[in-house]
Amino acid sequence: MKFKLTRQEISQELNSLAAKIINRKKIRVPKATRNKLAGVAAIGKKIQKTGLPKYLVRKKLKGKLGYGIFLRANAKPIMKGEVIAPYSGQVMLVPQNNDGDSDYIFSLISDLRLTKKEQKAFDPKSRYHPRRLYSIDLDAEKKGNFTRFINHSEKPNVEAHLLRIPANSLGLKPSAFEIIYIANKTIRPGEQLLVCYEGEDKSYWGAQKIKPFPMTPQTFQLDSKGRFLLR
Ligand SMILES: C[S@@+](CC[C@H](N)C(=O)[O-])C[C@H]1O[C@@H](n2cnc3c(N)ncnc32)[C@H](O)[C@@H]1O
């Protein structure tokens with residue numbers, strides 16, 4: 001698989017600004033536990049090597065659903081709380097509601113107001129306006145890893161957590177925030193990995209102007225030969 005970005009890509013300046021904003025807006029970003037850090041480090045090595053870890057498989061689904069990610073039928077279950085992987089991509093600060101039309105954007109922090117100095121540094125082409133709103137987005141359109149192929153469900157088995165990566169001895173670069181996909185229930189062999197794309201703002205499907213296909217992890221299940229089970 002060509003998508004092999006283990007962690008999000010973010011400039012030092014934007015990471016520092018994000019840390020300040022998290023503080024300013026009192027956003028709760030829990031510190032990743034030692035166990036979660038070990039999970040991030042372990043999956044990072046697998047992504048670097050093969051892109052897709054060998055217990056997972058990418059499969060084409062019907063129609064416009066595109067690809068999806070499945071746990072192979074002969075793999076061990078993934079237990080609740082296990083790290084799936086960081087949702088990686090390019091982190092950018094953009095004027096709000098100007099997100100472009102990528103299907104792979106995660107809005108990390110929205111409704112940001114910047115000081116004059118910050119606007120000059122991060123949006124030098126626009127004239128300063130104290131009420132202009134910005135958001136910090138993560139886009140996996142051009143760069144990312146297998147998590148960019150994880151589809152949406154209202155009954156997901158994977159949850160997106162916004163965590164801080166503290167200084168550590170595992171070789172992971174610290175970051176003010178990072179989206180980490182974590183299993184929120186046991187994922188059984190053959191099931192599809194699914195996450196809910198929408199937060200409280202319900203912005204994803206509204207912007208797409210389509211209704212999501214109602215999938216559960218068992219809707220398209222794989223047999224031991226990697227074929228879909230007929231129901
Ligand atoms: C992050 S991508 C997921 C991977 C995508 N299936 C692919 O092949 O690249 C998000 C896009 O997948 C499709 N998708 C994901 N879940 C869906 C669902 N439940 N119903 C309809 N389309 C879905 C939509 O086109 C959506 O914009």
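Quick notes on the rules
- Residues numbered from 1 in each chain as written.
- Predicted model: local features only at pLDDT ≥ 70, side-chain atom pairs only at ≥ 80, totals over all residues.
- Core = buried A, V, L, I, M, F, W, Y, C linked by C-beta atoms within 7 Å.
- Buried ≥ 20, exposed ≤ 12 C-beta atoms within 10 Å, placed from the backbone.
- Helix = DSSP H or I, 4+ residues; strand = E, 2+ residues; numbered from the N terminus.
- Near = placed C-beta within 6 Å.
- Nonpolar A, V, L, I, M, F, W, Y, C, P; charged D, E, K, R; others polar.
- Pairing = 2+ DSSP bridges.
- Axes fitted to C-alpha atoms, helices over the stretch in contact; angles between N-to-C directions.
- Expected span 1.5 Å × (residues − 1).
- Arc of directions from axis to C-beta.
- Contact = placed C-beta atoms within 7 Å.

**Q** Can you explain the nonpolar core? Please cite residues and give values.
**A** Core analysis: the biggest nonpolar cluster contains 47 residues, and Leu138, Tyr181 and Leu193 have the highest contact counts within it. Per element, the largest residue contribution to this core is six residues, and it comes from strand β9 (residues 175-183).

**Q** How would you sum up the environment of Lys46? Please name residues and give values.
**A** Inspection of the secondary structure puts Lys46 in helix α2 (residues 34-50). On a C-alpha basis, the gap between Lys46 and Pro30 in space is 25 Å, while along the polypeptide they are 16 residues apart.

**Q** Which residues make up the site of the ligand, and what values do they have?
**A** Looking at the ligand, there are 14 residues lining it, with Gly66, Tyr67, Asp103, Asn151 and Phe213 nearest. For the shell around the ligand, the class distribution of residues is seven nonpolar, four polar and three charged.

**Q** If you had to explain the sheet that holds strand β6 (residues 134-139) to someone new, which residues and values would you point to?
**A** Overall, antiparallel pairing links the three strands, which are arranged β4-β6-β5 in an open sheet. The open sheet has two edge strands, β4 (90-95) and β5 (105-112), and neither has a second partner. Strand-to-strand twist across the sheet, computed as the mean angle between neighbouring axes with direction ignored, equals 20°. Summarising the sheet, β4 and β6 pair through six bridges and their orientation is antiparallel. In the sheet register, Pro95 faces β6, and the bridge partner there is Tyr134.

**Q** Would you mind going over helix α1 (residues 12-24) in detail, with residue names and values included?
**A** Taking 1.5 Å of rise per residue, 13 residues should cover 18 Å, and α1 covers 18 Å from first to last C-alpha, within 8% of that figure. Here α1 has its buried residues at Leu17, Ala18 and Ile21. Viewed along the axis of α1, the buried residues span an arc of 105°, placing them on a single side of the element. Seen from the buried face of α1, the exposed residues on the opposite side, beyond 90 degrees, are Gln12, Ser16, Lys20 and Asn23. Contact partners of the buried residues in α1: β5, α3 (116-122), β6 and β9. Of the residues trailing α1, Lys26 is marked for its positive phi of about 55°.

Function cannot be read off these values alone, since they describe shape.
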